[in-house]
Amino acid sequence: MKTLIIKDLALSNELARSDMAAVRGGHGKPSMPWLPTYSPSYNTSIKADQSLLQMQDVQNLTANGSAFVSGVHVTNNTDQFGQNNIAVL
């Protein structure tokens, strides 16, 4: 609901009925009442579809099952990061 606040009047003054009836605002009174007036509408809903698909295939087959290989040391460090963000302004 909208509120009309009139701040430039002294607190002891009251507006007469005719003065209050003369107060206008917004889009005003249409000159042709049968025509529709524009009234803005605002949609504040947000629809966000996000998809994050990640796949990682790591194989470490160094000297796997070899009978004649010794002293083989293999270090395999893997890391994966994914992130979905949305900014509503």
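Structure: above.
Residues numbered from 1 in each chain as written. Predicted model: local features only at pLDDT ≥ 70, side-chain atom pairs only at ≥ 80, totals over all residues. Heavy atoms only, no water.

(A) Structural detail: the overall build of the protein chain. On a plain count of helices and strands, the protein chain comes out with 1 helix and 0 strands. Within the protein chain, the proportion of its 89 residues that are buried is 0%. For the protein chain, contacts bridging at least 24 residues in sequence account for 45% of all contacts bridging at least 6. Summed over all atoms, the accessible surface of the protein chain reaches about 9,600 Å², with 52% contributed by carbon and sulfur. (Helix = DSSP H or I, 4+ residues; strand = E, 2+ residues; numbered from the N terminus. Buried < 20%, exposed > 50% of the residue type's maximum accessible area, 1.4 Å probe, protein only. Contact = heavy atoms within 4.5 Å. Areas by Shrake-Rupley, 256 points an atom, 1.4 Å probe, with all protein chains shown as cover.)

(B) View of the environment of Thr-75. Checked against the element boundaries, Thr-75 lands in the segment after helix H1 (17-21). Through-space distance from the C-alpha of Thr-75 to that of Asn-60 is 9.0 Å; in sequence the pair is 15 residues apart.

(C) Molecular detail of the pattern of salt bridges. Evaluation of the coordinates by the stated rule reveals 1 salt bridge. The closest approach of N and O atoms between Lys-47 and Asp-49, which form a salt bridge, is 4.0 Å. Like Lys-47, the residue Asp-49 is exposed in the burial classification. (Salt bridge = Lys/Arg side-chain N within 4 Å of Asp/Glu carboxyl O.)

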